[in-house]
Amino acid sequence: MELRQLKTFYTLASTLNFTKAAEAQNYVPSTVTMQIKALEEELGVMLVDRLGKSVTLTDAGRTFLRYADNILCMVEEAQHAVKQSGELTGTIVISADETLCTYRLPAVLHQFRTMYPAVRLIFQPLVSASLKQSLREGDVDIIFMLDEVKGEAGFCGEKIIDEPFCILAAPSHPLAARAALAVEDFNGETFLLTERGCSYRMFFERSLSQQGMGGITELEFHSAEAIKQCAMLGMGIAILPEMAVREELNRGELVLLPWDLKATTFATQVFWHEEKWLSPAIKAFLKVTRELSPLTLGQT
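Being a predicted model, the structure only gives us computed values, none of them experimental.

1. Regarding the overall build of the protein
Then, number 1: In terms of regular secondary structure, the protein is built from 11 helices and 12 strands.
Then, number 2: By the burial criterion, 47% of the 300 residues in the protein qualify as buried.
Then, number 3: Long-range pairs, those at least 24 residues apart, make up 74% of the contacts in the protein between residues at least 6 apart in sequence.
Then, number 4: A total accessible area of about 14,300 Å² is found for the protein, and carbon and sulfur atoms account for 53% of it.
Then, number 5: For the protein, the separation between the mean place of its 28 positive charges and that of its 38 negative charges on side chains is 4 Å.

And the structure:
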């Protein structure tokens, strides 16, 4: 078993695409195929299921990925320990949902790249429901989540910044001029919501149910930007974090509806697996994240 084979397998597991893995390693795709096949023959198991140029990890592949990750991290630590220049190197795989990708992470990624240009960052946007599973299976090193502030079994985590939420509508919406709202006022209204499994959607639906409201009419989106645009066109009521709608509120394109969403505290949080060995690069990334919050992130 060769170190280059482990690197190729790790890259393939991160990209799930033979062509992208080859580009990342400066190989031709056939080289990636050859190295993975050699690794599978030596181990005596299939590590990936091949679907054209794309792949999925087998159960054996997901298990082996954790060991490959640890081996590569130890090699990285050894290289860093003896590197004369002291320049930080390595690879970090990060994931977050679309909202945090847009409004929170650019400042962190920019600052880290400025400080540590030799560290390779691989970013994998995921829907909220897939983030924890991705971390549990070792597909990523770090995830950022917008969720209730609570512990997660098997994870280490930290709160980055509190995130207030808003219920909003276009200025022309019939409820926009109301000084107060009761749950009955939402009957017949259309709600513009994120995908099922999203924590703040679940909280909002639960709060309405506890106050006696049954099913709601909804339009489901995977993008906060799409929700904003539809809300501004008067298509319905939106529930979004304040960070995503601050500019639209300041310009008067959206207005706050008088509905209390403060019963549960939500925050941008960072998590990593409790059994994960934190390389110098990962520790540096977490340090940059802490130093940028909450002051710098709060200004976005």
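2. Looking at the packing of helix 1 (residues 3-15) against helix 2 (residues 18-25)
Then, number 1: Packing of helix 1 against helix 2 leaves a shortest axis separation of 8 Å and a crossing angle of 130°. Viewed along their axes, helix 1 and helix 2 adopt a mutual orientation that is oblique. Two packed elements cross with a definite hand, and for helix 1 against helix 2 that hand is right-handed. Mapping the contact onto sequence places Arg 4, Lys 7, Thr 8, Thr 11, Leu 12 and Thr 15 in helix 1 and Phe 18, Lys 20, Ala 21, Ala 24 and Gln 25 in helix 2.
Then, number 2: Broken down by class, the residue content of the contact of helix 1 with helix 2 amounts to four nonpolar, four polar and three charged.

3. Here we look at the side chain of Lys 228
Then, number 1: The topology assignment puts Lys 228 in helix 9 (residues 224-232).
Then, number 2: Within the structure, Lys 228 has its side chain in polar contact with the backbone oxygen of Ala 244 (distance 2.8 Å).
Then, number 3: Sequence-distant contacts of Lys 228, defined by excluding residues within four places in its chain, comprise Tyr 103, Leu 240, Ala 244, Val 245 and Glu 248.

4. Observations concerning the packing of aromatic side chains
Then, number 1: Tallying each qualifying case throughout the model produces eight aromatic pairs.
Then, number 2: Between Phe 9 and Phe 64, the ring centres sit 5.3 Å apart and the planes meet at 55°, which makes this aromatic pair tilted. Taken together, the residues Phe 9 in helix 1 and Phe 64 in helix 4 (residues 59-82) connect sequence positions 55 residues apart. For the residue pair Phe 9 and Phe 64, the accessibility class agrees, reading buried in each case.
Then, number 3: Between the aromatic rings of Phe 186 and Phe 191, the centroid separation amounts to 5.4 Å while the plane-to-plane angle is 65°, which identifies the pairing as edge-to-face.
Then, number 4: Grouping aromatic residues by their ring pairs yields a cluster made of Phe 112, Tyr 116, Phe 144 and Phe 285.

5. A look at the sheet that holds strand 12 (residues 266-273)
Then, number 1: One open sheet holds the five strands; their spatial order is 4-3-5-12-6, and the pairing between them is mixed. Strand pairing shows two members of the sheet lacking a second neighbour, strand 4 (119-125) and strand 6 (155-162), which therefore form its edges. On average, each strand axis in the sheet is inclined to that of its neighbour by 25°, with strand direction left out of account.
Then, number 2: The pairing of strand 6 with strand 12 spans seven bridges and is classified as antiparallel. When the bridges of strand 12 are listed, Gly 157 appears paired with Phe 271.
Then, number 3: Of the strands in this sheet, strand 3 (90-96), strand 4 and strand 5 (142-148) touch helix 6 (residues 105-115), which is tilted by about 165° from strand 4.

Basis of the calculations
- Residues numbered from 1 in each chain as written.
- Predicted model: local features only at pLDDT ≥ 70, side-chain atom pairs only at ≥ 80, totals over all residues.
- Heavy atoms only, no water.
- Helix = DSSP H or I, 4+ residues; strand = E, 2+ residues; numbered from the N terminus.
- Buried < 20%, exposed > 50% of the residue type's maximum accessible area, 1.4 Å probe, protein only.
- Contact = heavy atoms within 4.5 Å.
- Areas by Shrake-Rupley, 256 points an atom, 1.4 Å probe, with all protein chains shown as cover.
- Lys, Arg positive; Asp, Glu negative; His and termini not counted.
- Charge placed at Lys NZ, Arg CZ, Asp CG, Glu CD.
- Axes fitted to C-alpha atoms, helices over the stretch in contact; angles between N-to-C directions.
- Parallel < 35°, antiparallel > 145°, perpendicular 65-115°, else oblique.
- Left-handed = near helix turned anticlockwise from the far one by under 90°.
- Nonpolar A, V, L, I, M, F, W, Y, C, P; charged D, E, K, R; others polar.
- Polar contact = N/O pair within 3.5 Å; in protein donor to acceptor, adjacent residues only side chain to side chain.
- Phe/Tyr/Trp six-rings, centres within 6.5 Å; stacked < 30°, edge-to-face > 60°.
- Pairing = 2+ DSSP bridges.

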